[in-house]
Amino acid sequence: MVKYVHAFCALSGPALLLVGFIAYFKVSLDAVGISFLVIAIQSACALMVIGMRCTNLLTVYSIFTLVFFSLIPWLHYSEGHHMWRYSAIPSDLHIFANILIIISNILIVITYTVVKGKKAVSKQTLRTHRNRGKAMVVLLLMSVGSFLGLLYLNEFSLRLLLFRGLVDGLAHGSQPQSPIMLVLGMSFRLAPLFCFLFSVVRISGYNYLKVLLLIILLFSVFPTGVARFLTAFVYIPVLLVLLPSFRRAWVFSGVLVSAIVFVFPFLEQFRYFSGWDRVTLSPNPDFFRQAHFDAYENMLSAIEAEFVTYGYQLLGALLFFVPRAFWQEKPVGSGYQLAENLGYRFNNISMPFLGEGYVNFGIIGFMLFSISAGFSMARLDKTFSGILSAKRVYSYEAAIYLYLIGALFFFLRGDLLSSFSFTLAGLAVAFLVARTIDALRF
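Rules of the game
Residues numbered from 1 in each chain as written. Predicted model: local features only at pLDDT ≥ 70, side-chain atom pairs only at ≥ 80, totals over all residues. Heavy atoms only, no water. Axes fitted to C-alpha atoms, helices over the stretch in contact; angles between N-to-C directions. Helix = DSSP H or I, 4+ residues; strand = E, 2+ residues; numbered from the N terminus. Parallel < 35°, antiparallel > 145°, perpendicular 65-115°, else oblique. Contact = heavy atoms within 4.5 Å. Nonpolar A, V, L, I, M, F, W, Y, C, P; charged D, E, K, R; others polar. 1 Å grid on protein atoms, 1.4 Å probe; cavity = no way out; pocket = protein on both sides within 12 Å on 5 of 7 lines; lining within 4 Å. Points joined across faces, edges and corners; volume = space filled by probe spheres on them. Phe/Tyr/Trp six-rings, centres within 6.5 Å; stacked < 30°, edge-to-face > 60°. Buried < 20%, exposed > 50% of the residue type's maximum accessible area, 1.4 Å probe, protein only. Patch = residues over 30% accessible without salt bridge, like charges linked within 9 Å, V, L, I, M, F, W, Y side chains within 5 Å. Areas by Shrake-Rupley, 256 points an atom, 1.4 Å probe, with all protein chains shown as cover. Salt bridge = Lys/Arg side-chain N within 4 Å of Asp/Glu carboxyl O. Left-handed = near helix turned anticlockwise from the far one by under 90°.

Engineer: Describe the packing of helix 4 (residues 91–116) against helix 11 (residues 295–304), naming the residues involved and giving the relevant values.
Structural biologist: Two measures define how a pair of helices packs: the angle their axes make with one another and the distance between the axes. The geometry of helix 4 relative to helix 11 is characterised by a closest axis approach of 10 Å and an angle of 105 degrees between their N-to-C directions. In terms of their interaxial angle, helix 4 and helix 11 are classed as roughly perpendicular. Where helix 4 abuts helix 11, its residues Leu-93, His-94, Phe-96, Ala-97, Asn-98, Leu-100 and Ile-101 lie against Tyr-296, Met-299, Leu-300, Ile-303 and Glu-304. A breakdown of the residues in the contact of helix 4 with helix 11 according to their chemical character gives 9 nonpolar, 2 polar and 1 charged.

Engineer: I'd like a description of the layout of surface pockets, backed by residues and values.
Structural biologist: Approximately 530 Å³ is the volume attributed to the second largest pocket. As for the second largest pocket, its lining consists of 21 residues, of which Phe-353, Ser-376, Leu-408, Phe-411 and Phe-420 are closest to the centre. For the lining of the second largest pocket, the secondary-structure elements that each account for two or more residues are helix 12 (312–318), helix 14 (353–384), helix 15 (396–413) and helix 16 (416–439). Residue composition of the lining of the second largest pocket, grouped by class: 18 nonpolar, 3 polar and no charged.

Engineer: Kindly report on the packing of aromatic side chains, identifying the contributing residues and their values.
Structural biologist: Two numbers describe a pair of aromatic rings. These are the distance of the centres and the angle of the planes. Per the counting criterion, the structure on display carries 28 aromatic pairs. With a centroid separation of 6.4 Å and an interplanar angle of 85 degrees, the aromatic rings of Tyr-312 and Trp-327 are classed as edge-to-face. Of this pair, Tyr-312 sits in helix 12 while Trp-327 sits in the loop between helix 12 and helix 13 (334–342), and the two are 15 residues apart along the sequence. Given a relative accessible area of 33%, Tyr-312 falls into the partly exposed group. Note on Trp-327: relative accessible area 17%, which makes it buried. With a centroid separation of 5.3 Å and 25 degrees between ring planes, the pair formed by Phe-384 and Tyr-401 is classed as stacked. With Phe-384 in helix 14 and Tyr-401 in helix 15, this residue pair connects regions lying 17 residues apart in the sequence. Residue classification places Phe-384 among the buried residues on the basis of a relative accessible area of 16%. A relative accessible area of 1% means that Tyr-401 is categorised as buried. Through pairs of rings, three or more aromatic residues link up here, namely Phe-21, Tyr-24, Phe-25, Phe-36, Phe-64, Phe-68, Phe-69, Trp-74, Tyr-77, Phe-293, Tyr-296 and Phe-409.

Engineer: Could you give an account of a nonpolar patch on the surface, with specific residues and numbers?
Structural biologist: Residues Leu-29, Ile-34 and Val-38 make up a contiguous nonpolar surface patch of roughly 240 Å² in combined accessible area. Considering the arrangement of structural elements, one finds Val-38 in helix 2 (residues 31–50). According to the relative accessible area criterion, Val-38 is partly exposed, its value standing at 34%.

Engineer: Account for the packing of helix 11 against helix 14, with residues named and values stated.
Structural biologist: Orientation of helix 11 relative to helix 14, taken along the N-to-C sense of each, is 40 degrees, at an axis distance of 10 Å. Relative to helix 14, the element helix 11 is oriented oblique. Every pair of crossing elements has a handedness; the one defined by helix 11 and helix 14 is right-handed. Here Met-299, Ala-302 and Ile-303 of helix 11 lie close against helix 14, whose contacting residues are Leu-354, Gly-355, Tyr-358, Val-359 and Phe-366. When grouped by side-chain class, the residues that make up the contact of helix 11 with helix 14 number 7 nonpolar, 1 polar and no charged.

Put into structure tokens, the structure is as follows:
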């Protein structure tokens, strides 16, 4: 009976979301609207097929395309709404871009299916430490050290850690703005995450110390004190490790979509926090008309402007660690550069992963980035997704894979420069935590 309930939820959830969206917002069903509908059906069907399985990277991609490339842009088009542009997006540009997205989704699914092949049997090897107590102490010291580093970057103000945008006279975001220092700050925030994950999956017992590690993690990445993408970075892998039921694709999809509708609008109120009297729990529909959902518009603007750099933006992302003092012409983020080229009033805008493909190599890049996304997701899902079916995850490598599930949403929204550098910083911290403990031979 339980199996049939899961199957019903997996099949009906995406369909009900799509039907409910169309009925509530009364979106346009002209030629452009139909193209959005096709993208939505593609994504919904993918979620239905995945729904009964364990969640994976393809689940996140399908949710992203459903929300950011279909439903929200469809709403914007129906209302004639745009965020940064000085003119409306032409209908033929909508249709052209949507055809590219439809072809891209097909390429990703084909590549994913071919590479992943038959379901691999993923095995976990239980590895423990002879001196678990000392290992836990080292993890605790690393976590505390990272938290102190965060406090230093935030002028030793706990309030700046807990509230993202104080407007009561304190500095709004006191962290240094250079790329290297931003990555350093990101590393300080992620170190407690990997210390906690390592303790959960590799060390048995010592639950009181694990709770302490979780508390340090909570204060290091407090939901109201960080950007929403970082909340996903951190708390998605934590929930996936601790809650086996959360690993079901339909449960994960439902929670993530609900977070976009209810939790993210709530957290947005802390972006410029001035007091609890202005905080409300009720979702604001205007949230979906704001710049958080500008990825699709920015991609279309890049296509319209024929903003193609022949790999220069990709080179900047791959060499993000090179100081600008040694490379004065080092590229900025693609969204930033687009905004500068088009004279936008604001330049800190996004550029989705597929848009980065166009920015680097034109339409061919759009397709190449699609194939690379399908290939990468398939290889990782083939290696690790089988592990998630077990009640307990005790592979640290699998825990890092869960971190990538949380990071993928930010990676897809872009831009590539910031998402690649932040994700790589997290992987470097994850590796450092494991190597430190293993090198001590506990």
